Amino acid sequence: MTNLSKKLGEMNFDGLFTDVVPAVQVRGGIIRKQTTSAVTLKRGTILAKSYGTAGDGKLVILGSTATTNETLTANCILAEDVEVGTTADVTVLAYRTGHFARNKLAVASGYTLKATDEEELRKAGILLSDAIEY
């Protein structure tokens, strides 16, 4: 007989999501390896995609410095913590759609999220809202 009251796991509410509309969709992506030292990127980090003639289609943390002929455009949000080293690119899971709490998101140190970044995320299906913690 099946035990229907068995505890399967736990969920900790981290406040990253503010609504169920639009529905959350997850996809795979590749984060470009670091050039100087390894970093740990946290869930909720906004990632930009590399475009342009020098673009490689890989993801970097929003606020990274673009190379010559490269455009970095806000694209998705990291779904799980990940360590990115200096020897190889890393395959990750990222949210491609969803409704997120602006104050729970992270960008590169010293960078401030811009209205143009939010517009690019909106075009991709990611909405941001202000949320109050209880």
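Look up a bit, the structure's there.
What comes next is a walk through the structure. Predicted, not measured: the structure shown is a model, and the values here were computed from it.

What follows deals with the side chain of N75. Along the chain, N75 turns up in strand 6 (residues 71-78). Ignoring any residue separated from it by four or fewer positions in sequence, one finds N75 in contact with R27, L47, A48, K49, Y51, L59, L121, A124 and I126.

This part is about the pairing of strand 4 (residues 46-51). If a strand is regular, its side chains alternate between the two faces of the sheet. Relative to strand 6, strand 4 runs antiparallel, the two being bridged by six bridges. Pairing of Y51 across the sheet is with T71, part of strand 6. As judged from the three bridges shared by strand 4 and strand 5 (residues 59-61), these two strands associate in the antiparallel manner. Residue pairing in the sheet places K49 in a bridge with L59 of strand 5.

Glancing now at the nonpolar core. Judged by nonpolar contacts, the single largest core of 14 residues is most densely connected at I77, F100 and L105. For this core, the secondary structure elements donating two or more residues are strand 4, strand 6, strand 8 (90-101) and strand 9 (126-129). Excluding anything up to four places from it in sequence, F100 contacts L16, F17, T18, I77, Y95, L105, I126, L127, L128 and S129. In terms of nonpolar packing, the next biggest core, distinct from the first, is built from eleven residues, L41, L47, V82 and V90 among them.

What counts as what
Residues numbered from 1 in each chain as written. Predicted model: local features only at pLDDT ≥ 70, side-chain atom pairs only at ≥ 80, totals over all residues. Heavy atoms only, no water. Helix = DSSP H or I, 4+ residues; strand = E, 2+ residues; numbered from the N terminus. Contact = heavy atoms within 4.5 Å. Pairing = 2+ DSSP bridges. Core = buried A, V, L, I, M, F, W, Y, C linked by side-chain atoms within 4.5 Å. Buried < 20%, exposed > 50% of the residue type's maximum accessible area, 1.4 Å probe, protein only.

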